[in-house]
Amino acid sequence: MASEAVEPHFNLATDPWIPVIYHDGVCREVSIETLFKDAEQIREISGDSPQQVEPILRLLLAILYRRLSQGGTKTEDALLDWWGETWDNNRFNLDGIVAYLTSVKERFDLFDSSHPFYQVAGLEYADKDPDGVDELIADVPKSDKFLFSLRNKNRIDGLSFSEASRWLIFQQAYATAGIKTPVKGNTHVKSGKVYPPKGAVGTGMLGAEGGMFLEGTNLFQTLMLNLVLFDNARGGRPIVGCEEDVPSWERSEISPDYRIPSPGEPYGPAQCYTWQSRRMRLVPNDDGTRVIGVISCYGDIPVVMDKEGSEPMTAWRISTSQQKSLGLPYVPRLPKSHDPTRAIWRGLASIVSVGQDGDLRPGVVRWIERLRYEEVLSPEEFPVVAIHAQGMAYGTQNSVFADAIDDKFDLSVSLFEHDSNACNRALATIDSIDQAVGKVVNFVSNTQKAAGDKASASVATQERSRVRESVFAELDVICRSRLAHFPNEAGAVETYCAEWRDEVRRRLLSYASRYLSECDRSFFEEHDGMTAGRALAILRAGLIEALGVPEKPRKVPEGTANITIEEGKE
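Residues numbered from 1 in each chain as written. Predicted model: local features only at pLDDT ≥ 70, side-chain atom pairs only at ≥ 80, totals over all residues. Heavy atoms only, no water.

### Considering the overall build of the protein
Line of reasoning, step 1. A count of helices and strands for the protein gives 15 helices and 13 strands.
Line of reasoning, step 2. The C-alpha radius of gyration of the protein comes to 26 Å, within 12% of the 25 Å expected for a compact globule of 570 residues.
Line of reasoning, step 3. Along the three orthogonal principal directions, the C-alpha set of the protein runs to about 90 × 55 × 55 Å.
Line of reasoning, step 4. The 570 residues of the protein split such that 52% are buried.
Line of reasoning, step 5. Long-range pairs, those at least 24 residues apart, make up 73% of the contacts in the protein between residues at least 6 apart in sequence.
Line of reasoning, step 6. Each charge class in the protein was averaged separately, 63 positive and 83 negative side chains, and the resulting centres sit 6 Å apart. (Helix = DSSP H or I, 4+ residues; strand = E, 2+ residues; numbered from the N terminus. Rg over C-alpha atoms; globule rule 2.2 N^0.38 Å. Buried < 20%, exposed > 50% of the residue type's maximum accessible area, 1.4 Å probe, protein only. Contact = heavy atoms within 4.5 Å. Lys, Arg positive; Asp, Glu negative; His and termini not counted. Charge placed at Lys NZ, Arg CZ, Asp CG, Glu CD.)

Structural data, given as structure tokens:
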């Protein structure tokens, strides 16, 4: 007589599943409750993939928002007082968090019979068996392309409940678009397949954004720095106490069909951070010990246009093309996505500055500026904040993962004040560095011209791009260090920026000298009126144009001396 399948249970609130690294170097998996309890002792969240971190962080923030909202709407002064007191205590009030998690405990069960976490109970494909668990994992290609994976194809027969939980959350945030297999109950089937609505976002919510969060020295600080309690971008609507802003686990019965959101959704960060872009169900084995399959189809179609009041974790851009295509009377705002070929610090202007198109900064950056303005966050006690960018890049109509983004840099809190002289001078320096790099790219083109190279236009363009990225790689450590140590004292800004530009100038001239040496070209050979010597002279003049006249030698600022000396070696 065959034995019945075991009904498994795995509760994310109380069972360990989040990989974390403690300050003493110990790595372990913890439950949500344990994470909040040990937050000040934990350095950071880890994961099977770096891109799992932000979706997990957003889940934790949604819990904090719901805990704070239980008391109803609060004034800005009351919220600032709470934030300041909690920050000074360096720990969360665990009683309130545990009380909230207990009230919704069954909704955090991965296999709950009616409301499984981030899933739809009883979901089934219309005409096929569940997919294998490889469909959950981002770095596992299709079976016919498995040659290019580092994983062992024959060992992906199942996932532990903790690992399946992490990939479930990842997929809800970053799932690829493309054609999907219909599930029972889906009413949008065409020729046996399901497509996303025309013109809609087909990926997960974070897949359409340039995900960004702030990091402190421990997980407690990281959560607090990203807990935006009010924001002018919401037009006066509260974040804490917003009745419509509920996370996915508090929703009532969910249809297996995909859903076009109502006007106004997502109503706030709690809903946005837990957005269910897919209808999913994890399939356990008969023993109830592992996940061996998954069912997935389109769910709540993400809405990202003009949602800066609900989505604090991305920078924004205006889109005149969307205005024309949709016939809008105004220019809408869309999330600014990441370029996987560029270091994030190179786009600092979009993160910290306010231009003629308005305030397009991430909400978390506006929040830090407000905390500084209200003197809740002291620059003397907390001088540096890490900006961490994560995301996925897609290919072939967003149906496959093409690349992954995981980059962070330390930024002096003096640069979070958008209209300050410090911020303006730092951005001007980065702009001058970009121009200087362009001069080096032209130098390389000129030396190739002097050698008689006759590359096609497409090859020349590719070479210029390669050289640009190579030169920026030379400057990466210098610029990251300079941004981290940028002074708070107004009188020190001009001198600091001048020394920064001179440091860049020396590095670029060193790069040019190495290039001439390595390509072994005559200094005097001439083609089309160009020689290597003339190219170098043009470069020196161009660097003066971009970076200004070199300053007299000065004492290197404390904190950058070691980097400057080491990086300056030939």
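### Topic: the pairing of strand S13 (residues 400-412)
Line of reasoning, step 1. Here strand S12 (residues 384-395) runs beside S13; their pairing, made up of 12 bridges, is antiparallel. When the sheet's bridge partners are listed, Gly395 is paired in S13 with Val400.
Line of reasoning, step 2. The turn joining S12 and S13, which pair antiparallel and follow one another in sequence, is formed by four residues; a positive phi near 45 degrees is taken by Thr396. (Pairing = 2+ DSSP bridges.)

### Let's talk about the sheet that holds strand S9 (residues 291-298)
Line of reasoning, step 1. Read across the open sheet, the three strands follow the order S4-S9-S8; overall the sheet is antiparallel. A strand with exactly one partner marks an edge of an open sheet, and here the two such strands are strand S4 (131-132) and strand S8 (278-284).
Line of reasoning, step 2. As paired elements, S4 and S9 share two bridges and run antiparallel to each other. Its bridge partner lying in S9, Gly132 is registered against Gly293.
Line of reasoning, step 3. Along the sheet, helix H5 (residues 161-174) makes contact with S8 and S9, crossing S8 at roughly 165 degrees. (Axes fitted to C-alpha atoms, helices over the stretch in contact; angles between N-to-C directions.)

### Quick look at the state of the cysteines
Line of reasoning, step 1. Taken as a whole, this structure holds zero disulfides when the rule is applied.
Line of reasoning, step 2. Free cysteine: Cys242, not disulfide-bonded; nearest cysteine sulfur from Cys272 at 12 Å. (Disulfide = S-S within 2.5 Å.)

### Quick look at the sheet that holds strand S7 (residues 212-215)
Line of reasoning, step 1. The antiparallel open sheet is built from three strands, whose spatial order is S7-S12-S13. The sheet terminates laterally at S7 and S13, the two strands that pair on one side only. On average, each strand axis in the sheet is inclined to that of its neighbour by 20 degrees, with strand direction left out of account.
Line of reasoning, step 2. Summarising the sheet, S7 and S12 pair through four bridges and their orientation is antiparallel. The residue of S12 that forms the bridge with Leu214 is Ile387.
Line of reasoning, step 3. Lying over the sheet, helix H2 (residues 53-69) contacts S7 and S12, oriented at roughly 75 degrees with respect to S7.

### A look at the confidence of the model for the protein
Line of reasoning, step 1. For the protein, the mean per-residue pLDDT works out to 92, and 93% of the residues sit at or above 70.
Line of reasoning, step 2. Low pLDDT, under 50, characterises residues 144-150; the stretch is placed with eight contacts to residues that sit more than four places away or in other chains.
Line of reasoning, step 3. Confidence drops under a pLDDT of 50 for residues 559-570, and excluding neighbours within four residues, the segment shows 17 contacts in the predicted structure. (pLDDT = per-residue confidence, 0-100.)

### A short note on helix H13 (residues 493-519)
Line of reasoning, step 1. Here H13 is 27 residues long and its end C-alpha atoms lie 39 Å apart, about the 39 Å a rise of 1.5 Å per residue gives.
Line of reasoning, step 2. For H13, the tally of buried residues reaches 19 of 27 residues, placing the bulk of the element in the interior. (Expected span 1.5 Å × (residues − 1).)

### Brief notes about the pattern of salt bridges
Line of reasoning, step 1. This structure, assessed with the given rule, holds 33 salt bridges.
Line of reasoning, step 2. Two residues, Asp300 and Arg279, come together in a salt bridge whose shortest N-O distance is 2.7 Å. In this pair, Asp300 is assigned in the loop between S9 and strand S10 (316-318) and Arg279 in strand S8, connecting sequence segments 21 residues apart.
Line of reasoning, step 3. According to the relative accessible area criterion, Asp300 is buried, its value standing at 1%.
Line of reasoning, step 4. For Arg333, the salt bridge identified is with Glu308, shortest N-O distance 3.6 Å. One end of the pair, Arg333, is in strand S11 (residues 333-335); the other, Glu308, is in the loop between S9 and S10, and 25 residues separate them in sequence. When sorted by exposure, Arg333 lands in the same class as Glu308, which is buried.
Line of reasoning, step 5. What you see here is one network of salt bridges that share partners, running through Asp231, Asp359, Arg361, Arg366 and Glu369. (Salt bridge = Lys/Arg side-chain N within 4 Å of Asp/Glu carboxyl O.)

### What to know about the packing of aromatic side chains
Line of reasoning, step 1. As enumerated under the stated definition, the model contains 21 aromatic pairs in all.
Line of reasoning, step 2. Judged by centre distance (4.7 Å) and plane angle (45 degrees), the rings of Phe108 and Trp249 are tilted. Of the two residues, Phe108 is situated in the loop between helix H4 (94-103) and S4 and Trp249 in the loop between helix H6 (219-225) and helix H7 (269-273); the sequence distance between them amounts to 141 residues. Like Phe108, the residue Trp249 is buried in the burial classification.
Line of reasoning, step 3. Taken together, the ring pairs in this structure connect Phe36, Trp83, Trp87, Phe92, Phe220, Phe230, Trp367 and Phe382 into an aromatic cluster.
Line of reasoning, step 4. Over the face of the ring belonging to Tyr125 we find Lys128, whose NZ or CZ atom lies 4.9 Å from the ring centre. (Phe/Tyr/Trp six-rings, centres within 6.5 Å; stacked < 30°, edge-to-face > 60°. Lys NZ or Arg CZ within 6 Å of the ring centre and 35° of its normal.)

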